[in-house]
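# Chain and residue survey
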Amino acid sequence: MEQFLPADLRCIGNGRLSDFVFKPSEGASGGILLAWSNRRWKKLDERVGLFSVSVVLEDMISHWVWTWTGIYGPNAEERRPEFWEDLRTTNEERNRDGGISGAMENFSSWIAEASLLDIPLSNQRFTWCNLWAQPACARLDRVLVDQAWEEAFPLCSLKAQLRICSDHSPLIFEGGDTHTDYHYYKFENWWLLCAGFHEVVMEAWRIPAPGLMGAKKSPTF
């Protein structure tokens, strides 16, 4: 897709999208579109790289500032060094105190090193189809967030829309409500594997809680 016009936003997002950043495709691949509602998000800055598009947005409700980056990885092996360099530059601009090291071997290691979480797709399994008579389908498109985003928008959701002018499905990512006045509790299973975890919990349970001075507590593991 070589161009994208504001009027084209009506085709996706059910009329809720009002602003965007676009990188044209090179032939049949490489195009990137990031679109959002300016009723909720205020654009502060943008950057278009060789294989990525980034936009800095501010939440109009909580005034939380974050960076959104869309990436389209090349299929050609000879362009992979350019791709990784573009990712390093993007990450260093997003997080000045620690870029991505040169030890990355694949996209999975980049996700792990950047400490990103993969948001599950709620309404279908695949995001790409080659549209042949015997189609091949795959989930090539993903939304990855860091821990700060997950904590700020714990009710975020991801859905795929009908394909319109591409063999990729547009993804609608909704942040949900922000939580700035309380913290919700999460339990991580890997805590059980940490040395001294049971002892720390038992010690905490021995501390009297307000209003429960006479209560008996006997946790079981």
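Note that this is a predicted model, so its numbers are computed, not measured.

### Observations regarding the packing of aromatic side chains
- Scanning all chains against the criterion turns up 12 aromatic pairs.
- Aromatic rings pair up to connect Trp36, Trp41, Trp64, Trp66, Trp68, Trp149, Phe153 and Phe173 into one cluster.
- Taking the ring centre of Trp41 as reference, the NZ or CZ of Arg40 above it sits at 5.1 Å.

### As for the pattern of salt bridges
- Taken as a whole, this structure holds 7 salt bridges when the rule is applied.
- A salt bridge links Lys43 to Glu46, with the shortest nitrogen-to-oxygen separation between them at 2.7 Å.
- Among the residues examined, Lys43 registers a relative accessible area of 35% and is labelled partly exposed.
- Among the ionic pairs, Arg206 bridges to Glu203, the shortest N-O distance being 3.2 Å.

### Digging into the sheet that holds strand 3 (residues 41-48)
- The strand order across the open sheet formed by 3 strands is 3-4-5, and the pairing between neighbours is antiparallel. Two strands bound the open sheet, and with one partner strand each, they are strand 3 and strand 5 (65-71). On average, adjacent strands in this sheet sit at an angle of 20° to one another, irrespective of strand direction.
- Relative to strand 5, strand 4 (residues 52-59) runs antiparallel, the two sharing 7 bridges. Paired with Ser52 across the strands is Ile71, a residue of strand 5.

What counts and how
Residues numbered from 1 in each chain as written. Predicted model: local features only at pLDDT ≥ 70, side-chain atom pairs only at ≥ 80, totals over all residues. Heavy atoms only, no water. Phe/Tyr/Trp six-rings, centres within 6.5 Å; stacked < 30°, edge-to-face > 60°. Lys NZ or Arg CZ within 6 Å of the ring centre and 35° of its normal. Salt bridge = Lys/Arg side-chain N within 4 Å of Asp/Glu carboxyl O. Buried < 20%, exposed > 50% of the residue type's maximum accessible area, 1.4 Å probe, protein only. Pairing = 2+ DSSP bridges. Helix = DSSP H or I, 4+ residues; strand = E, 2+ residues; numbered from the N terminus. Axes fitted to C-alpha atoms, helices over the stretch in contact; angles between N-to-C directions.

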